[in-house]
Number of protein chains: 4
Amino acid sequence: MKLWGSRFSTALDPLAAKFNNSIDFDRRLWDQDIRGSAAWARGLTRAGVITSGEADELCRGLQRVWAEFNGGTFKFVPGDEDIHTAVERRLSEIAGPVAGKLHTGRSRNDQVATDFRLWVMEAIDGARGRIRGVQAALLAQAEALFGVMLPGYTHLQRAQPILFSHWLMSHFWALERDRERLVQSRQRASTLPLGSGALAGTAFPIDRERLARDLGFAGVSPNSLDAVSDRDFAAEFLFDAALLASHLSRLAESLILYSSLEFGFLELADSFATGSSLMPQKKNPDVLELTRGKAGTLIGLLTGLLATLKGLPSAYDKDLQEDKPPVFAAFDTLEAMLPVLAGAIATMTVKPDRMKAALDAGMLATDLADGLVGRGVPFREAHGIAGRAVRRAIEVGVPLDELPLAEWQSLSPAFDESPGDVFDFDKALARRNAIGGTAPEAVKAQLAEARRVLGGG
Amino acid sequence: MKLWGSRFSTALDPLAAKFNNSIDFDRRLWDQDIRGSAAWARGLTRAGVITSGEADELCRGLQRVWAEFNGGTFKFVPGDEDIHTAVERRLSEIAGPVAGKLHTGRSRNDQVATDFRLWVMEAIDGARGRIRGVQAALLAQAEALFGVMLPGYTHLQRAQPILFSHWLMSHFWALERDRERLVQSRQRASTLPLGSGALAGTAFPIDRERLARDLGFAGVSPNSLDAVSDRDFAAEFLFDAALLASHLSRLAESLILYSSLEFGFLELADSFATGSSLMPQKKNPDVLELTRGKAGTLIGLLTGLLATLKGLPSAYDKDLQEDKPPVFAAFDTLEAMLPVLAGAIATMTVKPDRMKAALDAGMLATDLADGLVGRGVPFREAHGIAGRAVRRAIEVGVPLDELPLAEWQSLSPAFDESPGDVFDFDKALARRNAIGGTAPEAVKAQLAEARRVLGGG
Amino acid sequence: MKLWGSRFSTALDPLAAKFNNSIDFDRRLWDQDIRGSAAWARGLTRAGVITSGEADELCRGLQRVWAEFNGGTFKFVPGDEDIHTAVERRLSEIAGPVAGKLHTGRSRNDQVATDFRLWVMEAIDGARGRIRGVQAALLAQAEALFGVMLPGYTHLQRAQPILFSHWLMSHFWALERDRERLVQSRQRASTLPLGSGALAGTAFPIDRERLARDLGFAGVSPNSLDAVSDRDFAAEFLFDAALLASHLSRLAESLILYSSLEFGFLELADSFATGSSLMPQKKNPDVLELTRGKAGTLIGLLTGLLATLKGLPSAYDKDLQEDKPPVFAAFDTLEAMLPVLAGAIATMTVKPDRMKAALDAGMLATDLADGLVGRGVPFREAHGIAGRAVRRAIEVGVPLDELPLAEWQSLSPAFDESPGDVFDFDKALARRNAIGGTAPEAVKAQLAEARRVLGGG
Amino acid sequence: MKLWGSRFSTALDPLAAKFNNSIDFDRRLWDQDIRGSAAWARGLTRAGVITSGEADELCRGLQRVWAEFNGGTFKFVPGDEDIHTAVERRLSEIAGPVAGKLHTGRSRNDQVATDFRLWVMEAIDGARGRIRGVQAALLAQAEALFGVMLPGYTHLQRAQPILFSHWLMSHFWALERDRERLVQSRQRASTLPLGSGALAGTAFPIDRERLARDLGFAGVSPNSLDAVSDRDFAAEFLFDAALLASHLSRLAESLILYSSLEFGFLELADSFATGSSLMPQKKNPDVLELTRGKAGTLIGLLTGLLATLKGLPSAYDKDLQEDKPPVFAAFDTLEAMLPVLAGAIATMTVKPDRMKAALDAGMLATDLADGLVGRGVPFREAHGIAGRAVRRAIEVGVPLDELPLAEWQSLSPAFDESPGDVFDFDKALARRNAIGGTAPEAVKAQLAEARRVLGGG
């Protein structure tokens, strides 16, 4: 069965047919396609196009097709060029001639846009839950390890001491923005195209708002031309996914570094690490590296769709068929990646001693300068003095906090005594107590807020 | 003047300095940087770090620096590696030693993030207004040309008749989504990083929420590490711009086609067309082609930033300096492109006769099938009959509506008479009256809604 | 069977294993993997690591594994994490303990790089042949339709008359550059990594140059660290594919335009066109639109890999596993797309009358100016006169060649008579006879050269 | 002065003109444009279109325009929409009416393609030299530090010991491929478009091959339509640049890691490092981070151009004007980045002691397994034994080479004595002596080959 062809004198070339068909990937929309068709049948009845009895027959038939898909017994046949054809073909086998009434007033253009939007809306729901899983793992570790201190880095150079919980939470908030973006993208996706026909609107008096409610859409598309060609929702999902993946790649990069022997701050569980076929001693963070690498792949998926959309003329063009593979691929990647990352975080062993050992007095040079500010030295000058102290300590070959008093005094008369009390990591942390700072008190507030956010789903 | 360097034994290599400096592009943030510094000075006073008199001195000095920038008299000097250095250097020349107190408790990491967010928030406000300009031009033409009919295309083949106003509005709604995305991106950008220090939070008791209000931010960042490295707002702006540009590229593509001699549906005003250095007769739609081409460029800007962000370790890394040139370039492109497109639309001459002449009876084959549905023929069968009628008309060599009655009857017994009344374009349009359809009544509702939307800003 | 794991206390988490495994896509390398292993076995013998008899056993076993794959009877089992594991696992079942000697001195890092390079080399050979198919179709049409004239366009505005053969050949030469690039990429891919171990080189005295010859590589990698991490060949293939696809997208775009009713220059065969589920009259160039759209997808595949490679540390990282899916996807796309495009070109119907009817005298305004140059008027001035003539003809409402003599003379005294002889399309063509021009003679030379190029393969 | 416009009734809208103009960036082609024009004047003389005296006048005038550009005294005026207009406008001021003869038989379409190809050819020459500079710095360090040993990493975990020279050279060879690609891209760019007119070829008997020789092109374009629209050379340059940058980003990433305190393998010179405005102790590898980050930006430039090219119709379209900014930006980035990287490498301080201290016996587990192979144990089994030994050493809490004999014997009867002699780093290195291995002898051969390659330019 074909949904078209009576005006053509010859059949489609087999290679062209294979090239043209989308069934290899759009079969994934079977559930949405069938639900959409059932709602359409009811809509046709309300519009007076088919009888209520015909709609019942169609819906019973569609229910049987659905059950076949759901049970894994649906059989595709060679002519099934796409999921719409496959479903209607099978429906006609089950329900007979009445099946021929289902496509009245509808086009595959508005049909596929409806199916795909439904799918993306549900994919977003799934992805949001998976993100929560990673956030929960981060938060659990942040709570369990509260108080553990490690160097904070900028430019991969030791900068200032921070709480490890603070570090974990920095990734939590990035993921929270991802969830928020996905919520907004879902809202925009939740606009019903069905009833737009091929491009000009349906010629039957369909109550599209009722149809939208039946299918779980928040509203209806305001323009039929736009409705059949709008793929913003696909591009948005790919962007959300790529930016999310970039956040995960940054988390992964840090975890890779921290689990190197050189940093030694943490170790992945054996159940989340892999070995080498040649080197027996290796324990590799493959899952983190894949997370990092897949961020690149997801950027490519987004780029590809945007490039495909660029420069198309109005309304539906077949180029739009390229919209689904990248969205499916991005979703599958997130589905696989997020739980693994959550697992790796939940099971990793953190080494507070190694973290603490990596702190050195030089990391408090800012506090040294701040201390001078407290004695009335302008910060810019205090910064210079502290910098020279660092350099002097390197020259002398001692840690910054062991520089002799004479050295301090030659650096600035403000040092009437050794600034020894500055070099206290706990006090340094406690000072950073403005909102969002690494002070234990401020981090506790963060944890409470995060707990609240997660509670809200 | 340098903001750092006392721990170094030698100066930065001149080539490395040139490579490192960002002043060539971040000078554009002068206004935001100075406003941010003034607010910081007040914040330091409230925190008890500097006196109210010192803050006054700083603010007066900053006001003078601002005036120099605003008046175009600010002089950069070789050591001004970035806008922060330039402003503080000049401030110290004007205000003397007190200038050295301004940078207390602050880092360029939180400073630049603050400046850049402010800039992006204001850029979004500008872009939204420019988009409105294009929307207004589309709507004005849609209202002025109400009733004009032309072929609607799918696959660039004539599909069904539509109103030209409907076609214009299809682009209006795509732009409306762009505006909505920008509003949401602005909300997310509106989070203050200032007070996050280099990475760990400021060590002084700054009231960050007050600071946020003073600078026009909706909230404060919840985590200092995240605050200094979060560039989501830049990536979002680039995505919004790229998707907007893809919408404009589709509009441009169609206008290019429609202004070809072959379509002949419209003609650009001479003031929005260009000629050839070799071929005297040419009148070219360069501005539309540039609009199409720049969509590609904007995709590249987004891709570039995402690739740059991928795989960075936590907190601030210098790679992030690559965030500004693409955002500035994208904004400038929108600023140049949107008003030109608005102008081209507002001034183009539409040719209703050419549009009407391109309609042919074959475009109502769907209505022919729908008519059979009205006589009880299932749509799938009716579609087949209509398709065979199209083919038969080609074979016979007549327009579809001139196929003899005998031919009709040999195609289906349902044709007890020639389906002549089907081939009425006005009636075909009027039937597509569900929400979003091309029926005049439905389009009128669209125009009213669009007018309402534009009124709301 | 696992190739690693004895140092681990627990098994890999099932989700992590699924995420980590590459067998779903790298199984495609079975042929290359087995050939590589057989060559390696021989290399180990020559190096004195295993006996000749052991190598025979290994090769016989590998031959059986190969036959299973080739016959479609190979059974994967759950532990087969990648193709290397699957092959070695099966080999050990077939050949017994000797199988455990095969991986001596080798790592999956050099093994997979070898397999993948072999695959890409062969993929390039395939792609080059497919490109030839399109070139041959273009050339055949160019020869068959020699003499047919149509408007040449710039900015999609009629510019100057050209031969349709000339237009067809413009796409031929772009494809020839694609073939040349692929040849060079293949040469660079043809460098053997095997014998590089995991990163540091193999610890056994393998004759790598002999190994390269045995496997069909042109040379051996000069540095083992580089050898296991170099993915230039994959990126190059993706670039070659993306640029090729961009050429095809431009060809497709033009064919879509030319097969619109508005241009009407050609019609696709029914066997390369598709219909609509709603609109019975439609005949759509779906295969051309997909060709255009897939160019976007291929750009994304390239971008994705480059983003993945960016910023990796030295030597092998698991991120590199993301190299294969895009290369496989790009190759499959080319394999499907190129023959369909060749078929569409070979079977399309060209309409010389419609092409000719689209020529108008205004397209010879350049020749009008050139004619004035022949009478001593500087070109810049002549261009101005011709431009004013075009405008005057529009104002008067006549074709350019029907402007009355009085009008000509008021434009320039150089018109002592009407420039009627200028408006001869054949002569205009014949004048463009420099190499690469559209004159029939020059195009004939092009065709001869193209024939020669295709002959050379 | 405008090169077109006589057919237009109104001037271009000022915003449209600004949007349309390319003079802001294509002014950079002044040198190529003038040289191309001089060659064209000579070509017109040989074709009998202008006299030899006229050509002399034109060339003298062009020489003066050149001198003005070269001396920085050229003044642009508002009407200069592009470099071609600017040069011809100024020429007409200098040389009078004869200037109006220069553009005979030529279009800006073939002119700009010629200018831009010349520019890219010269840019490639420059970039190749800059790459050599980095290669030379790598080689010099590799020679100076010959013998220094450090851990080789895979997955950022210590894998096997290697020579630091070997590591340095791994980056040398990647850059060598970049140079090779640029050479091939230059050869393809070296095809003259001039003489193709706007699209159809020039109508005058120009000797294009002579013109090509005069301008330094290797050949002439075979098809005028292709010639004016082919931007492969720009895309190739951007790809070459992006892949080169990805190589540099990997080098930079490693150097950033190695210069962290945690690795501590090297330290940048003070003249190639930067400090912090807040933290006085910081010494940051900004130039390396920018190198890493700019790889992302360059990926975006490539993507952007490819997306712009996608789907254009045949011949010249204004979209192509978007080709220059990304090429200029990519070149400028390389020009700035490569010398800085060379300088950073040449001046960095390497710390052999820290490198050596990072080696541990576990990194020789492969050699342990290889040793068992020497005693007849199949590698797969030997790998398992070695892995269990690693795990046992962790459990016992001793380095692998200090595991007691009893432990060894319980692991395998093949250990008749402790495998102590395996744990010799020098011997382990020396064994990896196949071509490309890290054995000192093999690395010496690499250095000799590299020296030869650099000598060859």
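Here we summarise the structure given alongside this text. Computed from a prediction, not measured in an experiment: that's the story for all the values here.

**Quick word on the relation of the copies chain C and chain D**
- In the superposition of chain C on chain D (RMSD 0.0 Å, axial shift 0.0 Å), the rotation amounts to 180 degrees. With respect to symmetry, the two chain copies, as superposed, fit the operation of a two-fold axis. Among all residues of chain C, the minimum C-alpha distance to the rotation axis is found for T303 of chain C, at 3.3 Å.
- The overlap is high: 100% of the interface residues of chain C also sit at the interface in chain D, so the same surface is used on both sides.

**Description of the side chain of T274 of chain D**
- Here T274 of chain D shows up in the loop between β5 (266-267) and α11 (286-309).
- A residue is classified by how much of its surface remains accessible, and T274 of chain D, at 1% relative accessible area, is buried.
- Only 2.5 Å separates the side chain of T274 of chain D from the side chain of D286 of chain D, close enough to count as a polar contact.
- Apart from the residues lying within four places of it in its own chain, the contact partners of T274 of chain D are W4, F8, L12 and N20 of chain B together with K282, K283, N284 and D286 of chain D.

**So, the packing of helix α7 (residues 164-189) of chain D against helix α10 (residues 232-258) of chain D**
All names here are of chain D.
- For the pair α7 and α10, the least separation of the axes is 9 Å and the interaxial angle reads 170 degrees. Accordingly, the angle class assigned to the pair α7 and α10 is roughly antiparallel.
- Residue composition of the contact of α7 with α10, by class: 14 nonpolar, four polar and seven charged.

**What to know about the pattern of salt bridges**
- With the rule as written, the count across this model stands at 184 salt bridges over all chains.
- For E253 of chain A, the salt bridge goes to R292 of chain A, with nearest N and O atoms at 2.7 Å. Remark: R292 of chain A occurs in helix α11 (residues 286-309) and E253 of chain A occurs in helix α10 (residues 232-258); sequence separation between them is 39 residues. Here the two residues E253 of chain A and R292 of chain A agree in accessibility, since each one is buried.
- A salt bridge links D323 of chain D to R231 of chain D; the shortest N-O distance between them is 2.6 Å. A residue pair is termed long-range when its members are at least 10 positions apart, and D323 of chain D in the loop between α11 and α12 (324-347) and R231 of chain D in the loop between α9 (224-229) and α10 qualify at 92 residues.
- If you follow the salt bridges from partner to partner, you end up with R117, R188, D226, D230, D232 and E236 of chain A together with R177, D178, E180 and R181 of chain B in one network.

**A word on the interface of chain B and chain A**
- If you look at the interface, chain B gives 109 residues, while chain A gives 109 residues.
- Taking both sides of the interface into account, the surface hidden between chain B and chain A amounts to around 8,700 Å²; carbon and sulfur atoms contribute 58%.
- Our count for the chain B to chain A interface comes out at 14 salt bridges.
- Between D230 of chain B and R177 of chain A there is a salt bridge whose closest N-O contact spans 3.3 Å.
- In terms of residue count, helix α10 (residues 232-258) of chain B provides more of the side of chain B that touches chain A than any other element does, 13 residues in total.
- Taken together, the residues of the side of chain B that touches chain A sort by class into 47 nonpolar, 37 polar and 25 charged.

**Observations regarding the interface of chain C and chain D**
- Listed per partner, the contact involves 109 residues of chain C and 109 residues of chain D.
- Between chain C and chain D the total buried area reaches about 8,700 Å² when both faces are included, carbon and sulfur atoms providing 58% of it.
- Sorting the residues of chain C by area buried against chain D places R188, R250 and R380 of chain C first, and these three jointly supply 9% of that buried surface.
- Counting every contact that joins chain C to chain D gives 14 salt bridges.
- The shortest N-O distance in the salt bridge between E180 of chain D and R188 of chain C comes to 2.8 Å.
- At 13 residues, helix α10 (residues 232-258) of chain C tops the list of elements feeding residues into the side of chain C that touches chain D.
- Taken together, the residues of the side of chain C that touches chain D break down into 47 nonpolar, 37 polar and 25 charged.

**A look at the relation of the copies chain B and chain A**
- Note on the identical chains: chain B maps onto chain A by a rotation of 180 degrees and an axial translation of 0.0 Å, with an RMSD of 0.0 Å.
- Both copies share a contact surface, since 100% of the interface residues of chain B are interface residues in chain A too.

**Examining helix α3 (residues 30-46) of chain A**
Residues and elements named next belong to chain A.
- Between its terminal C-alpha atoms α3 stretches 24 Å, which fits the 24 Å expected from 17 residues at 1.5 Å a residue.
- With respect to burial, α3 is a largely interior element, 12 of its 17 residues being buried.
- When we look at burial in α3, the residues that qualify are W30, D31, Q32, D33, I34, G36, S37, A39, W40, A41, G43 and L44.
- Contacts made by the buried residues of α3 are with α2 (23-26), α4 (52-71), α5 (83-95), α6 (108-144) and α8 (208-215).
- Once α3 finishes, G48 follows within two positions and takes phi at roughly 80 degrees, a positive value.

How each quantity is defined
- Residues numbered from 1 in each chain as written.
- Chains lettered and ligands numbered in written order.
- Predicted model: local features only at pLDDT ≥ 70, side-chain atom pairs only at ≥ 80, totals over all residues.
- Heavy atoms only, no water.
- Least-squares fit on C-alpha atoms with pLDDT ≥ 70 in both.
- Contact = heavy atoms within 4.5 Å.
- Helix = DSSP H or I, 4+ residues; strand = E, 2+ residues; numbered from the N terminus.
- Buried < 20%, exposed > 50% of the residue type's maximum accessible area, 1.4 Å probe, protein only.
- Polar contact = N/O pair within 3.5 Å; in protein donor to acceptor, adjacent residues only side chain to side chain.
- Axes fitted to C-alpha atoms, helices over the stretch in contact; angles between N-to-C directions.
- Parallel < 35°, antiparallel > 145°, perpendicular 65-115°, else oblique.
- Nonpolar A, V, L, I, M, F, W, Y, C, P; charged D, E, K, R; others polar.
- Salt bridge = Lys/Arg side-chain N within 4 Å of Asp/Glu carboxyl O.
- Buried area = accessible area lost by both parts, 1.4 Å probe.
- Expected span 1.5 Å × (residues − 1).

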